[in-house]
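The chain contents come next:
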Amino acid sequence: MQIYGFFLKTQYLCDNMTIEELLAYDREHVWHPYTSMTDPLRVYPVARAAGVYIELADGRRLIDGMSSWWSAVHGYNHPALNAAAHAQIDRMAHVMFGGLTHHPAVELAQRLVGLTGLPHVFYSDSGSVAVEVAVKMALQYMQATGHTRRTKLATVAGGYHGDTWHAMSVCDPVGGMHALYAGRLPVQFFAPRPGVPFGGEWTEADFEPMRALVAAHGDEIAAVIIEPVVQGAGGMWFYHPEYLRRLRTLCDEHGILLIADEIATGFWRTGRAFACEWAYITPDIMCVGKALSGGYLSFAATLTSERVADGISSAAPHVFMHGPTFMGNPLACAVACASLELLAAPELPARIAQIESMLRQLLAPAADFAGVADVRVFGAIGVIEMREPVDVGRFQERCVEAGVWIRPFGRLVYIMPPYIITDDELRTLCTAMVQLVGET
Ligand code: PMP
């Protein structure tokens, strides 16, 4: 340890590295998301970020189209979030949550309970863990209430719920990691992806496969988990809210819990506080994350109804068996309270509506390109679906040259910009996106 410490101090301290050395070390030693360690995709060194701009180490400024994967909804370096973080860190960065509590955790619970109508809050460290917690809650609820045969989950194809074990088991069976972990992942029930698009004409036939699945296996199913209205990383697909309404009723008829994964959709991304609101339903369990802490800290929460909380507590061991080290982290809670305070601004829904109408207008020209299969917009989410997979490395190089930050996956080029983006910045972002897609 001593020797490594010595090396760190004298030779490898990042501040003394040139950018080339930093990138070389990163390439050799640091794993990035969904990449090879031996042949990684290019990464771009960031010096700072403020507002809607990410500034690279060479001084180039990029308009951020990604909100750092749905999280930085207020942009970067926001004065209110910075102030909350500073104030809290001077009090305490963290204390264990076992046997202790604090103002930020209680205030955040009040805010979340008020927003969702779900009275019980379980904090965790990331969206994937919030999903694991939701699944454990559903399974423990069924065990505690005597439904011991209900050990499975059901969901729809095209979903994404995170990279932990149970979360992976309910991701899309083809596009997800099922093949990679075949024989090891829990096997769950899948209905086809909801087919009727948001804004399309509802047809009852769309729900029939889910109805048939539950008719056949209902007594084995503890919960149905679903991303409400917007399927994110599984395909950026917007489906008809009627599907969700039918699902709520079906779950109630069969004694199945409904888990809404609002990790990507929550906090006004779709124009309403939660995507469930498009269907006027309340789930039994809801997962939130990402925008919750305004993109500052990894943080998430799982909320439950009274029934679920009471059920879990009703039988031995009478406790919910989960308790991460950083549960209820005060710093994250304090920043999250500040984030929710900003999101409570009365003008926000109108701003999201304005972003939506600009996205519709500015991305529409892409529909004329031969390589484009579909252009769709919902809330502050704009998607251009290509006919062929996009070369991510090459596309990003051109984005950086054009002064924008967009990270496609598969055939999907999409943006969900920070809500603070100005009309001019949004115009620049969309114009570049359409132009780059046209050249692809
Ligand atoms: N659920 C959904 C709907 C998501 O979009 C994500 C993240 N993309 C997750 C769960 C997992 O969250 P995290 O990356 O914070 O673990």
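Data block above holds the structure.
Residues numbered from 1 in each chain as written. Predicted model: local features only at pLDDT ≥ 70, side-chain atom pairs only at ≥ 80, totals over all residues. Heavy atoms only, no water.

(A) Region of the structure containing the overall build of the protein chain. Within the protein chain, the secondary structure is distributed over 14 helices and 16 strands. Seen along its three principal axes, the alpha-carbon backbone of the protein chain occupies a region of about 60 × 60 × 50 Å. Within the span of the protein chain, comprising 440 residues, buried residues form 51% of the whole. Put simply, of all contacts in the protein chain between residues at least 6 apart along the chain, 69% involve residues at least 24 apart. Per element, the accessible surface of the protein chain, about 19,600 Å² overall, is 58% carbon and sulfur. Once the 31 positive and 45 negative side-chain charges of the protein chain are each reduced to a mean point, those two points are 1 Å apart. (Helix = DSSP H or I, 4+ residues; strand = E, 2+ residues; numbered from the N terminus. Buried < 20%, exposed > 50% of the residue type's maximum accessible area, 1.4 Å probe, protein only. Contact = heavy atoms within 4.5 Å. Areas by Shrake-Rupley, 256 points an atom, 1.4 Å probe, with all protein chains shown as cover. Lys, Arg positive; Asp, Glu negative; His and termini not counted. Charge placed at Lys NZ, Arg CZ, Asp CG, Glu CD.)

(B) Highlighting the sheet that holds strand β6 (residues 189-191). Ordered by their spatial adjacency, seven strands build an open sheet running β4-β12-β11-β10-β7-β5-β6, and the pairing between neighbours is mixed. Each edge of the open sheet is held by one strand with a lone partner, namely β4 (120-124) and β6. Mean inter-strand twist for the sheet, computed between neighbouring axes without regard to direction, equals 20°. With three bridges connecting them, strand β5 (residues 152-156) and strand β7 (residues 221-226) associate as parallel partners. (Pairing = 2+ DSSP bridges. Axes fitted to C-alpha atoms, helices over the stretch in contact; angles between N-to-C directions.)

(C) The arrangement of the nonpolar core in detail. Ranked by size, the top nonpolar core spans 132 residues in total, and within it Leu108, Tyr123, Met210, Phe267, Leu292, Ile384 and Ile406 carry the most contacts. No other element matches the 10 residues that helix α6 (residues 127-144) contributes to this core. In contact with Phe267, not counting residues within four places along its chain, are Leu112, Leu115, Ala273, Phe274, Val288, Gly289, Ala291, Leu292, Leu340, Leu343 and Tyr419. One finds Leu81, Ala84, Ala85 and Ala338 within the second-largest nonpolar core, a separate group that totals six residues. (Core = buried A, V, L, I, M, F, W, Y, C linked by side-chain atoms within 4.5 Å.)

(D) Inspection of the site of the ligand at higher detail. Around the ligand, the structure places Ser126, Gly127, Ser128, Tyr160, His161, Gly162, Glu227, Asp261, Ile263, Ala264 and Lys290. With respect to the ligand, the side chain of Ser128 contributes an N or O atom lying 2.6 Å from an oxygen atom. Between Asp261 and the ligand, the recorded distance is 2.7 Å, taken from a side-chain N or O atom to a nitrogen atom. Bound to the protein, the ligand loses 81% of the 400 Å² it would expose on its own. Taken together, the residues of the shell around the ligand sort by class into three nonpolar, five polar and three charged. (Near = heavy atom within 4 Å. Polar contact = N/O pair within 3.5 Å; in protein donor to acceptor, adjacent residues only side chain to side chain. Nonpolar A, V, L, I, M, F, W, Y, C, P; charged D, E, K, R; others polar.)

(E) Examining the pairing of strand β1 (residues 46-50) more closely. Note that β1 and strand β2 (residues 53-56) share four bridges and pair antiparallel. Residue pairing across strands places Ala50 opposite Tyr53, the latter belonging to β2. Connecting β1 to the next strand, β2, in antiparallel fashion are two residues, including Gly51 with a positive phi near 60°.

(F) Summary view of the packing of aromatic side chains. A complete count under the given rule lists 13 aromatic pairs for this structure. Taken together, a centroid distance of 4.2 Å and an interplanar angle of 35° make the contact between Phe198 and Phe378 tilted. Taken together, the residues span a long stretch of sequence, with Phe198 in the loop between β6 and α8 (208-217) and Phe378 in strand β13 (residues 372-378) at a distance of 180 residues. Residue classification places Phe198 among the partly exposed residues on the basis of a relative accessible area of 29%. Summarising the aromatic geometry, the rings of Phe238 and Phe378 are spaced 5.6 Å apart at their centres and angled 55° between planes, so their arrangement reads as tilted. Taken as a pair, Phe238 in strand β9 (residues 237-238) and Phe378 in strand β13 lie far apart in primary sequence, 140 residues in all. (Phe/Tyr/Trp six-rings, centres within 6.5 Å; stacked < 30°, edge-to-face > 60°.)

(G) Expanded view of helix α5 (residues 103-116). Helix length check: α5, at 14 residues, gives a terminal C-alpha distance of 20 Å against a target of 20 Å (1.5 Å per residue), a fit within 8%. All of the buried residues along α5 are Pro104, Ala105, Leu108, Ala109, Leu112 and Thr116. Within α5, the buried residues cover an arc of 130° as seen down the axis, which keeps them to one side. Within α5, the exposed residues directed more than 90 degrees away from the buried face are His103, Gln110 and Gly114. On its buried face, α5 is in contact with α4 (79-91), β4, β11 (285-288), β12 (300-304) and α11 (330-343). Backbone geometry just after α5 places Gly117 at a positive phi near 80°. (Expected span 1.5 Å × (residues − 1). Arc of directions from axis to C-beta.)

(H) Structural context of the pattern of salt bridges. Enumeration according to the criterion identifies 22 salt bridges in this entry. Measuring nitrogen to oxygen at the nearest pair gives 3.8 Å for the salt bridge that ties Arg42 to Glu397. With Arg42 in the loop between α2 (19-29) and β1 and Glu397 in helix α13 (residues 392-402), this pair connects stretches of sequence that are 355 residues apart. A relative accessible area of 47% places Arg42 in the partly exposed class. The class for Glu397 is partly exposed, based on a relative accessible area of 29%. Residues Glu107 and Arg111 are paired through a salt bridge, measuring 3.0 Å at the closest nitrogen-oxygen approach. Separated by four residues within a single helix, Glu107 and Arg111 lie in helix α5, roughly one turn from each other. Look at Glu107 and you get partly exposed, because its relative accessible area is 22%. Note on Arg111: relative accessible area 23%, which makes it partly exposed. The network of salt bridges with shared partners includes Glu204, Glu208, Arg211, Glu242, Arg245 and Arg246. (Salt bridge = Lys/Arg side-chain N within 4 Å of Asp/Glu carboxyl O.)

(I) Focus on the packing of α13 against helix α14 (residues 423-439). Contact geometry of α13 with α14 gives a least axis separation of 11 Å together with a crossing angle of 140°. Judged by the inter-axis angle, α13 sits oblique to α14. You can see that α13 and α14 cross each other, and the crossing is right-handed. Residues Phe395, Arg398, Cys399 and Ala402 of α13 pack against Ala432, Leu436, Val437 and Glu439 of α14. Considering only residue class, the contact of α13 with α14 consists of six nonpolar, no polar and two charged. (Parallel < 35°, antiparallel > 145°, perpendicular 65-115°, else oblique. Left-handed = near helix turned anticlockwise from the far one by under 90°.)

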